[in-house]
Amino acid sequence: MQNPIIKAVFFDIDGTLLSFKTRKVAASTEKAIAELQAKGIKVILSTGRSINSIDHVKYLNFDGFITFNGGYCATKNSELLFKKCIDVADIEAIIAYVKENTLSFSFMSEKEINIHDVTPEIAGMYAHLNLPVPPLVDLDQVEVNSILQTNIFMGPAQESAFMAAIMPNSVASRWTPLFADVNPKGQSKKVGVDVFCKHFGIDIANTMAFGDGGNDIEMLNHVAIGVAMGNANPEVKAIADYVTDDVDSDGIANALKHFGVI
């Protein structure tokens, strides 16, 4: 069967573009992205990170940015294509919840990230991502209609009950047992893919994506070729069209060559 003609490739950041070991983008990945761009193929970032937490990879000259797991999509010229915030009732509910219960979480808006209750594990996680620990949130000053994403720091076993009781209008996804990304229900990187396909006039049949975490599953299922990194979570590998080598073994370049994209 002939491989589809690829016109756009979507890349997750952590564990996909960026190695957790080196905290850098592999030279082979940089070269592969440059080859895609030289062929006129659109290269789009797709991450659960904030729009303000991606400066370290912008040098790769992406054509667009899917951030907050699809909740905020912008072109490389900062043209806003899509924005969707979490339901106000869910934000008010989590604020009420932590006034009576112990929970660490972050609130992420277009302009800032704030966190409630920093534990040693959370501080270590931010160090692992090479990010500063955000300032503490003032629960009485939260702009409840501006939150694009929250991260709830709890294990998978507690997640379902919490979401049903406190944030029923939102959906959780995760790439680590430490925390879950929470976004508006129906929101995912898949939505961001559709936003950019419409913007650039590209059919979904001509798309490809790379990822490694649970928040990449809908995106990988949606595109024509969904590639899981060799270091991806087992559930991501299970749904992928192809499992490549890991991030530290030229996984991106090898998959693009395998499918004849470069």
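The notes below deal with the structure included here.

Scoring rules and cut-offs
- Positions within a chain are numbered from 1, following the residues in the order the chain's sequence is written.
- Per-residue local features are limited, in this predicted model, to residues with pLDDT of at least 70; the limit for side-chain atom pairs, both in listing and counting, is 80 or more; totals at the level of whole chains, interfaces and linings are taken over all residues.
- The basis for the side-chain values is all heavy atoms of the structure; hydrogens and waters are excluded.
- Note on exposure labels: buried denotes an accessible area under 20% of the residue type's maximum, exposed denotes more than 50%, and partly exposed covers the range between, all computed with a 1.4 Å probe on protein chains only.
- Strands here are runs of E lasting at least two residues and helices are runs of H or I lasting at least four, both read from the DSSP assignment and numbered beginning at the N terminus.
- Arc, as used here, means the arc of the directions from the helix axis to the C-beta atoms.
- Note on definitions: a residue-residue contact is assigned when non-hydrogen atoms from the two residues lie within 4.5 Å.
- Axes here refer to lines fitted to C-alpha atoms; in helices the fit is confined to the stretch in contact. Angles between the N-to-C directions go from 0 to 180 degrees.
- By definition in this entry, angles of less than 35 degrees are roughly parallel, angles greater than 145 are roughly antiparallel, angles of 65 to 115 are roughly perpendicular, and the rest are oblique.
- Gly is put with the polar residues, along with every residue not named as nonpolar or charged; the nonpolar set is Ala, Val, Leu, Ile, Met, Phe, Trp, Tyr, Cys and Pro, and the charged set is Asp, Glu, Lys and Arg.
- Side-chain rings of Phe, Tyr and Trp, where Trp is taken by its six-membered ring, are said to pair if the distance between their centres is within 6.5 Å; with planes under 30 degrees apart they count as stacked, over 60 as edge-to-face, and otherwise as tilted.
- At least two DSSP bridges between two strands are required for those strands to pair.
- As used in this structure description, the phrase polar contact means that two N or O atoms lie within 3.5 Å; if the pair is within protein, one of them must be able to donate a hydrogen and the other to accept it, and residues adjacent in sequence are counted only when both atoms belong to side chains.
- Here, nonpolar core refers to any group of buried Ala, Val, Leu, Ile, Met, Phe, Trp, Tyr and Cys residues whose side-chain atoms link them within 4.5 Å.
- Each salt bridge in this description consists of a side-chain nitrogen of Lys or Arg and a carboxyl oxygen of Asp or Glu lying within 4 Å of one another.

### Some details on helix H3 (residues 120-128)
Buried within H3 we find Ile 122, Met 125 and Tyr 126. All buried residues of H3 project into a common sector of 95° when viewed along the axis, lining one side. In H3, the exposed positions that point more than 90 degrees away from the buried face belong to Pro 120 and Glu 121. Where H3 is buried, its residues touch strand S6 (104-109), strand S7 (113-116), strand S8 (147-153) and strand S10 (179-184). Backbone geometry just downstream of H3 places Asn 130 in the positive-phi region, at approximately 60°.

### Concerning the packing of helix H1 (residues 27-38) against helix H8 (residues 251-258)
Packing of H1 against H8 brings their axes to within 7 Å, and their N-to-C directions diverge by 40°. With respect to their mutual orientation, H1 and H8 come out oblique. Seen from H1, the contacting residues are Ser 28, Thr 29, Ala 32 and Leu 36; seen from H8, they are Ile 252, Ala 253 and Leu 256. Here the contact of H1 with H8 is built from residues that sort into five nonpolar, two polar and no charged.

### Describing the packing of aromatic side chains
Taken as a whole, this structure holds eight aromatic pairs when the rule is applied. Taking 5.3 Å as the distance between ring centres and 80° as the angle between the ring planes, the aromatic pair formed by Tyr 97 and Phe 162 counts as edge-to-face. Residue Tyr 97 is located in helix H2 (residues 88-98), and its partner Phe 162 is located in helix H4 (residues 156-166); the two are separated by 65 residues in the primary sequence. You can call Phe 162 buried: its relative accessible area is 5%. A centroid spacing of 5.3 Å and a plane angle of 50° characterise the contact between Phe 153 and Phe 179, whose relative ring orientation is tilted. Here the residue Phe 153 occupies a position in strand S8, and Phe 179 occupies one in strand S10, the gap between them amounting to 26 residues. Take Phe 153: its relative accessible area is 11%, and that puts it in the buried class.

### What to know about the sheet that holds strand S9 (residues 170-176)
Strand order in the open sheet formed by five strands is S7-S6-S8-S10-S9, and the pairing between neighbours is antiparallel. This sheet does not close on itself; its edge strands, each paired only once, are S7 and S9. The sheet shows a mean angle of 20° between the axes of neighbouring strands, taken without regard to direction. Where S6 lies against S8, six bridges are found, and the strand directions are antiparallel.

### Describing the side chain of Ser 146
Assignment of secondary structure puts Ser 146 in the loop between H3 and S8. With a relative accessible area of 18%, Ser 146 lands in the buried category. Engagement of the side chain of Ser 146 in a polar contact is seen with the backbone oxygen of Glu 143, the distance being 2.8 Å.

### Remarks on the sheet that holds strand S5 (residues 80-83)
One open sheet holds the eight strands; their spatial order is S5-S4-S3-S2-S1-S11-S12-S13, and the pairing between them is mixed. Each of the sheet's edge strands pairs with one partner strand only, and the pair in question is S5 and strand S13 (242-243). Two strands pair when backbone bridges link them, and strand S11 (residues 207-211) and strand S12 (residues 225-228) are joined in this way by four bridges, in the parallel orientation. Across the sheet, residue Gly 211 finds its bridge partner in S12, namely Ala 228.

### A few points about the nonpolar core
Membership of the largest hydrophobic core comes to 36 residues, with the highest contact counts inside it found for Phe 11, Phe 62, Met 208 and Phe 210. At four residues, the largest contribution of residues to this core is made by H8. The next biggest cluster of nonpolar side chains, apart from the first, holds 20 residues, and it includes Ile 86, Ile 91, Ile 95 and Met 154.

### Regarding the pattern of salt bridges
On inspection of all chains with the given rule, the structure shows 10 salt bridges. Measuring nitrogen to oxygen at the nearest pair gives 4.0 Å for the salt bridge that ties Lys 76 to Asp 63. Within this pair, whereas Lys 76 is found in the loop between strand S4 (72-75) and S5, its partner Asp 63 is found in the loop between strand S2 (42-46) and strand S3 (64-67), the two being separated by 13 residues in sequence. A residue is classified by how much of its surface remains accessible, and Lys 76, at 42% relative accessible area, is partly exposed. Within the structure, one salt-bridge network assembled from shared partners comprises Asp 12, Lys 189 and Asp 216.

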